[in-house]
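So the chains spell out like this:
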Amino acid sequence: MKIDGNFIVPAETHIWGNVVVAGCFELGPGSTVGGSIEAESIVVGHDVKVKGPLCVQKTATICDNAHLHSIRAGGNITLRPGVRVGDVNSGETIFVYGKVTSERLFGRAVKVYGT
């Protein structure tokens with residue numbers, strides 16, 4: 001699916017394939033994406049599952065208990081408590097709030113804040 005502009009997805013929406021969004025992508029709570037995601041920036045709601053890689057040009061905010069394959073962003077990445085993700089690569093800073101599970105965090109800086 002390709003969207004020219006911003007795209008806001010309501011809660012508990014299920015997308016089977018890949019998603020390409022030219023602008024900001026907001027993925028509602030409890031949603032799933034069966035493929036990869038490409039966007040300018042993204043906000044992933046709580047309890048979301050993304051089976052493919054997530055690639056954004058700017059910032060990514062991943063809310064509580066989201067499960068993602070991997071994240072690559074040109075800007076800052078914010079990870080909230082309970083996030084489970086493979087590799088996380090940021091061109092800027094990775095902000096970690098609370099306990100997250102990740103294979104690797106790689107960025108200019110990684111800042112960890114307690115719960």
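For the structure itself, consult the block above.
Residues numbered from 1 in each chain as written. Predicted model: local features only at pLDDT ≥ 70, side-chain atom pairs only at ≥ 80, totals over all residues. Heavy atoms only, no water.

1. Quick word on unusual backbone geometry
You will see that aspartate 47, though not glycine, has its phi angle at about 60 degrees, which is positive. As for its position among the elements, aspartate 47 is in the loop between strand 8 (41-44) and strand 9 (49-56). Here aspartate 47 falls in the partly exposed class, since its relative accessible area comes to 36%. Phi angles above zero are rare outside glycine, and asparagine 65 is one such case at about 60 degrees. Take asparagine 65: it is sitting in the loop between strand 10 (60-62) and strand 11 (67-73). Relative accessible area serves as the criterion here: at 37%, asparagine 65 is assigned to the partly exposed category. (Helix = DSSP H or I, 4+ residues; strand = E, 2+ residues; numbered from the N terminus. Buried < 20%, exposed > 50% of the residue type's maximum accessible area, 1.4 Å probe, protein only.)

2. Examining the packing of aromatic side chains
Centre distance and the angle of the planes are the two values used to describe a pair of aromatic rings. Within this structure, the stated rule accounts for two aromatic pairs. A ring pair is formed by phenylalanine 7 and phenylalanine 25, whose centres lie 5.6 Å apart and whose planes are at 10 degrees; its orientation type is stacked. Within this pair, whereas phenylalanine 7 is found in strand 2 (residues 7-9), its partner phenylalanine 25 is found in strand 5 (residues 24-27), the two being separated by 18 residues in sequence. Take phenylalanine 25: its relative accessible area is 0%, and that puts it in the buried class. (Phe/Tyr/Trp six-rings, centres within 6.5 Å; stacked < 30°, edge-to-face > 60°.)

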